[in-house]
Amino acid sequence: MRLPRRPRLLLPVVIALVAIVALFFLFSGIYTDYLWFDATNYTSVFSGVLLTEIVLFLVGAVLMVGIVGGNMLLAFRTRPMFGPAVFGGGSGADRYRMALDPHRKLIFIVGMGLLALFSGSSFAGQWKTWLQFVNGATFGKKDELFGMDISFFMFDYPFIRMVLNFLFTAVIISIVLATITHYLYGGFRLQSPGVHASRAARIHLSVLLGVFVLLKAVAYYIDRFGLVFSDRGYVHGASYTDVNAVLPAKNILAIIALICAVLFFAGVVRSGGMLPGVSFGLLVLSAILIGGVYPALVEQFQVKPNQQGKEALYIDRNIQSTRSAYDVQNAEVIDYNAQADPTKVSAGGDESVTGVRLLDPALVSSTFEQTQRIRGFYGFPDQLDVDRYPGKDGKLVDHVVGVRELLGPPAPQNNWINRALVYTHGYGFVAAPGNQVDAGGLPAYDSKDMPVTGDLAASTGLKEPRVYFGENPGSTEYVIAGGNPSNPQELDYPVSGGKTGQQNTTYTGKGGVPIGSALNRLVYAAKYGEMNILLSGDVNENSKILYVRNPRERVEKVAPFLTLDGNAYPAIVDGRITWIIDGYTTSNAYPYSQSESLGDMTRDLATDRRVVAQQPQDEINYIRNSVKATVDAYDGTVTLYAWDGNDPVLKTWSNAFPGTIKPASQMSPDLQAHIRYPEDLFKVQRYMLSRYHVTNAAAFYSAQDFWNIPSDPSQGNQSVKQPPYYLTATMPDESEPSFSLTTTFVPREGPNLAAFMAAGSTVGKDYGKLRILRMPSNTTVPGPGQAQNNFQNKFSGELGPLGLGQANVRYGNLLTLPYASGLIYIEPVYVQTKAGTGQEPYPILRRVLVAFGNKVGSGDTLDQALEQVFGGEQQQQNTQPQQTTPNQTNTSAMNTAISNAQKAYEDAQKALQASPPNWDEYGKAQKRLEEALKQIESANVKPAATPSPSAAPSASPSASPSATPSASPPATSTPTPTPSGTQAGGTT
């Protein structure tokens, strides 16, 4: 049935329109990408990657189509002249041939087109492998087995494997399709008894099989080099069996495969299937016996009975290579004779302890949120960051910092104009000294409010507080800014009074893509499916569209060859808010190095809470912090600095994209002052050093001194690793404190402390220096879990009343640092109003806990807690609660004190819930609560009415320090009563 003439004429028109629309959207995607890279001054990356992908696509597509299509055409052209009649009679293939033959050209063209598309795309996806191959830099170091430069395994070997895989795929597809073509057109028949083939078909298929086996011979030879990545032995890398059995087997198999290839080629001049059959059987049999059985026998009967001795050399190679690949070869292990008895040491004088950071960035985020959010459409990240800034005395102090970012317009006003044109940016840098709280127990902000005020903001010269580029995932995908300089409509910050209640601004930054032209507006309207971009009168020649605004994603786009740290952090650099992101060069091709999952190595409490980005599960065995990247929070400028200029992988990418990475010498001094040791690299290194601090092969094999990373004490029995902490600490060999990233280790078996590790983070002083304090085996130093247990057992009676009624007790980060010839634990304790009480819950610091050995102390301030531990008044805490029998008078007094504390707390809550809150009554109730708590604290026996350790308030899933409640309500968009505390004085 033929279609009517008009529909037949419309069909090509519809197809053409669909093709035009598809091509337009394809063009829009590529063109907008170009505009973005052009606006960020990284067009060399865009053009370099795109050109490489296009060339590889064409090469892959042409080669695959040439090899496969050429063999199909050869099979068709060498078909028997008389077809099936050559072998007498037809076959089942005849009906298929008759059905396909009229459409063979169309089928061939479509099939080759699809093959070209898939093969070209696959080959183009290997652009990184190609660029590393052609730009590879040498390591200047040879491997132990083959004596070849490490660069061969890192850059050349992956490319050779890629080419071999491509050729194998092409030859196998050619064999299959050529066989089908010969069969359909009578080249051979499957008839009893056996296969009957024409001479042309036999020659053609023999050559193809010979080429396949020849490639197999080459693959056997190349596989020898892959033994340096073997996981057969006790550790990764070529093992005893690999070197003494598999390596010679690969050589033998390569020779046998070469002989078999010759036998297949001999089938060209000698008819019959004997030679191909013999060669195929020889190849399979040798692969099984020589390649499989022989190495298994060597492993079973030579290695396993004496594995430690046989593998010693190869374990040693693995240890040295792993330590080098993960950049821990210079980690300094110090035998630290830690003192566990506070009565035998002289404490005091260490500024790094008396000024230790007590604010937990994971907990006080909600405190920042409630006291500095200002309006509901602003917010802070779930975990704040830690940096250092000068205090009032000019000395550097650890600060908890965050950026007030825009969450988006309020729900009733959530329309396109507000999302894209009005609510365009966040505002302000908020910071508080980590060792200090105000009189109400809240962070003592030295950079706050809108406009930004405070000593820190003044001393750093902050001149651009606006945040157009930030981490907040709630921000819209894009905004259009800068369109109306004469009539600003972008919300800058809310103000009191005035006609609008807000201060407006217009974006004047150099970042963003100009969107004034009709073409640009059209392509972006197509990209985002938003006609308002094309039609809005507020979009004019001054407008710029800002997108890819997350700093991490922004760096990832301009440097796709880097693996980025999961946590970007803000800093005030040269008067501007700047995001700093650490970039890593990684590989899984470093010979003899232990390969592990990057995601598993960096997983801890922070990643489980999703407060920092999780790394992929890709396995790596080489990592360097080769790049420090910055993103300007106002204009989005991305700058890449070569932090490790000696890294051969970075040199390779610098050769591939010249001029994109600046030398570290171009960093400003202000930027260098805020560089810190990267978290994910530190997590990877501590994971490896838990085993690879052992450098003796025999000791490594026995694994007796292997360590574990402790679980986070705040999580109870959950197997979630404790994250590392930034803090200022004084190492035993230093006279001055230094900003460091720290962690602890516990033995594989047992809860005691095994070691403490710190990485220096001060550029020009100790940056990157890894020091491990190894605890003596004959002294018991409590681990983090034991310290947490001691805290909860000792102070359950004291902390219990804090959690009475509508409050929860929350434990902050348990910090560990060297002090007084030992190691001290410091933990802040917070009180937070329970959810559902009509208030926005946020934690407030109420106590500071200190432990040295098994002696613990508690105080409203750190100094008080230290005095309890080292002042001789604190009784030693045993692992079991002291069993005493209180007399009736003490029991009665204790019960009365607890009753008074509960009554005072209830009165305080009633005063808070009054409308408006009765702050006078609230303050009086707080004083009564303080007096009652002091009575409980001074008691010498634990009353029956006091909650037992098992009944004590447990740490909530999120651990963080807090402060005593404030006596004045915080400045928020919705005034929320803020619980006031009893802590006197601001410095903890």
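Residues numbered from 1 in each chain as written. Predicted model: local features only at pLDDT ≥ 70, side-chain atom pairs only at ≥ 80, totals over all residues. Heavy atoms only, no water.

A few words now on the overall build of the protein. Along the backbone of the protein there are 27 helices and 33 strands. In the protein, buried positions account for 55% of the 988 residues. (Helix = DSSP H or I, 4+ residues; strand = E, 2+ residues; numbered from the N terminus. Buried < 20%, exposed > 50% of the residue type's maximum accessible area, 1.4 Å probe, protein only.)

This part covers helix α20 (residues 648–656). Of all the residues in α20, the buried ones are Pro 648, Val 649, Leu 650, Thr 652, Trp 653 and Ala 656. Buried residues belonging to α20 abut α5 (127–135), α6 (150–184), β18 (576–587), β21 (622–632) and β22 (638–642). At the N-terminal boundary of α20, the capping side chain belongs to Asp 647, with an oxygen 3.2 Å from the backbone nitrogen of Val 649. (Contact = heavy atoms within 4.5 Å. Polar contact = N/O pair within 3.5 Å; in protein donor to acceptor, adjacent residues only side chain to side chain.)

Attention now goes to the side chain of His 425. Position of His 425 relative to the elements: it lies in the loop between α13 (416–422) and β8 (426–427). Given a relative accessible area of 2%, His 425 falls into the buried group. Among the polar contacts made by the side chain of His 425, one reaches the side chain of Thr 424 at a distance of 2.8 Å. Here Asp 492 takes part through its side chain, which lies 2.9 Å from a polar atom of the side chain of His 425. Beyond its immediate chain neighbours, meaning those up to four positions away, His 425 contacts Tyr 378, Leu 406, Arg 466, Val 467, Tyr 468, Glu 490, Leu 491, Asp 492 and Thr 505.

On to the pattern of salt bridges. By the definition in use, this model includes 25 salt bridges. Notably, a salt bridge pairs Arg 576 with Asp 635, separated by 3.5 Å at the nearest N-O pair. One end of the pair, Arg 576, is in strand β18; the other, Asp 635, is in the loop between β21 and β22, and 59 residues separate them in sequence. The network of salt bridges with shared partners includes Asp 604, Asp 680, Lys 683 and Arg 686. (Salt bridge = Lys/Arg side-chain N within 4 Å of Asp/Glu carboxyl O.)

With that settled, the discussion passes to the packing of helix α2 (residues 43–77) against helix α4 (residues 104–124). Relative to each other, α2 and α4 sit at 145°, their axes nearing to 7 Å. At the point where α2 passes α4, the crossing takes the right-handed sense. Grouping the constituent residues of the contact of α2 with α4 by class yields 17 nonpolar, five polar and two charged. (Axes fitted to C-alpha atoms, helices over the stretch in contact; angles between N-to-C directions. Left-handed = near helix turned anticlockwise from the far one by under 90°. Nonpolar A, V, L, I, M, F, W, Y, C, P; charged D, E, K, R; others polar.)

Before going further, it helps to examine the sheet that holds strand β11 (residues 478–481). Taken in spatial order, the three strands line up as β11-β15-β14 in an open sheet, and their pairing is antiparallel. Across the chains shown, the open sheet's two edge strands, defined by having one partner strand only, are β11 and β14 (513–514). Of the strands in this sheet, β11, β14 and β15 (544–547) are in contact with helix α15 (residues 518–528), which crosses β15 at around 30°. (Pairing = 2+ DSSP bridges.)

Consider a sheet: its strands pair through backbone hydrogen bonds, and that pairing is either parallel or antiparallel. If you walk across this open sheet you meet the three strands as β5-β6-β9, and the pairing is antiparallel. Bordering the open sheet on either side are β5 (385–390) and β9 (429–433), each of which pairs with just one other strand. If you compare each strand with its neighbour and ignore which way they point, the axes differ by 40° on average. Across five bridges, the pairing between strand β6 (residues 396–403) and β9 is antiparallel. Bridge pairing in β9 links His 399 to Pro 433.

As a further point, take the packing of aromatic side chains. Inspection of every chain in the model, using the stated rule, returns 50 aromatic pairs. Centroid distance Phe 139 to Tyr 590: 6.3 Å. Interplanar angle 65°. Geometry classified as edge-to-face. Residue Phe 139 is located in the loop between α5 and α6, and its partner Tyr 590 is located in the loop between β18 and β19 (596–597); the two are separated by 451 residues in the primary sequence. With relative accessibility at 3%, the residue Tyr 590 sits in the buried group. Ring geometry for Trp 643 and Tyr 767: centres 5.2 Å apart, planes at 80°, overall edge-to-face. (Phe/Tyr/Trp six-rings, centres within 6.5 Å; stacked < 30°, edge-to-face > 60°.)

With twelve of twelve residues buried, strand β31 (residues 822–833) is to be regarded as a mostly interior element. Pairing between strand β30 (residues 815–819) and β31: five bridges, direction antiparallel. When the bridges of β31 are listed, Thr 816 appears paired with Tyr 825. Counting the residues in the hairpin turn of β30 and β31 gives two residues, including Ala 820, whose phi is positive at 50°. The pairing of β31 with strand β32 (residues 843–852) spans nine bridges and is classified as antiparallel. What sits directly across from Tyr 825, in β32, is Ala 851.

This brings us to the pairing of strand β33 (residues 855–859). With five of five residues buried, β33 lies mostly within the body of the structure. A two-sided burial pattern is seen for β33, the buried positions comprising Lys 855, Gly 857 and Gly 859 on one face and Val 856 and Ser 858 on the other. Sheet analysis places β32 next to β33, joined by five bridges and oriented antiparallel. Bridging from a neighbouring strand, Val 848 pairs with Gly 859 of β33. Between the end of β32 and the start of β33, which pair antiparallel, lie two residues, with Gly 853 showing a positive phi angle near 65°.

This next bit is on the packing of α2 against α6. Between α2 and α6, whose axes approach to 8 Å, the crossing angle comes to 25°. Classed by the angle they form, the pair α2 and α6 counts as roughly parallel. The interaxial crossing formed by α2 with α6 has right-handed handedness. Along the contact surface, α2 presents Gly 60, Leu 63, Met 64, Ile 67, Val 68, Asn 71, Met 72, Ala 75 and Phe 76, while α6 presents Phe 166, Leu 167, Thr 169, Ala 170, Ile 173, Ser 174, Leu 177, Ala 178, Thr 181 and His 182. Classifying every residue of the contact of α2 with α6 gives 13 nonpolar, six polar and no charged. (Parallel < 35°, antiparallel > 145°, perpendicular 65-115°, else oblique.)

Looking at the element boundaries, Lys 395 is found in the loop between β5 and β6. The class for Lys 395 is partly exposed, based on a relative accessible area of 45%. Here Lys 395 is in contact with Glu 351, Tyr 389 and Pro 390, once residues within four sequence places are set aside.

What follows is about the environment of Ala 432. With respect to the element layout, Ala 432 can be found in strand β9. Not counting chain neighbours up to four residues away, the residues in contact with Ala 432 comprise Leu 359, Phe 368, Asp 398, His 399, Val 400, Pro 443, Ala 444, Tyr 445 and Asp 446.

Another aspect to go through is helix α25 (residues 862–870). Residues Leu 862, Ala 865, Leu 866, Val 869 and Phe 870 constitute the buried set of α25. Take α25 and look down its axis: the buried residues cluster within an arc of 115°, on one side only. Elements in contact with the buried residues of α25: α11 (351–354), β30, β31, β32 and β33. (Arc of directions from axis to C-beta.)

With that out of the way, let us pick up the confidence of the model for the protein. Chain-level pLDDT for the protein is 85 on average; 85% of the residues reach the 70-or-more range. The model gives residues 872–889 a pLDDT under 50, and that stretch makes 24 contacts with residues more than four places away or in other chains. For residues 939–988, every residue scores under 50 in pLDDT, and the model assigns this stretch 189 contacts once sequence neighbours within four places are set aside. (pLDDT = per-residue confidence, 0-100.)

Another aspect to go through is the environment of Gly 857. When you line up the elements, Gly 857 lands in strand β33. For Gly 857 and Phe 795, which are 62 residues apart along the polypeptide, the C-alpha to C-alpha distance reads 8.8 Å.

With that settled, the discussion passes to unusual backbone geometry. Pro 451 follows Met 450 through a cis peptide bond whose omega is -10°. Counting through the fold element by element, Pro 451 comes out in the loop between β9 and α14 (455–459). Phi is positive for Ile 374, which is not a glycine, with a value near 70°. Tracing the backbone through its elements, the reader meets Ile 374 in the loop between α12 (365–372) and β4 (378–379). One non-glycine residue, Asp 574, lies in the positive phi region at around 55°. Mapped onto the fold, Asp 574 is located in the loop between β17 (569–573) and β18.

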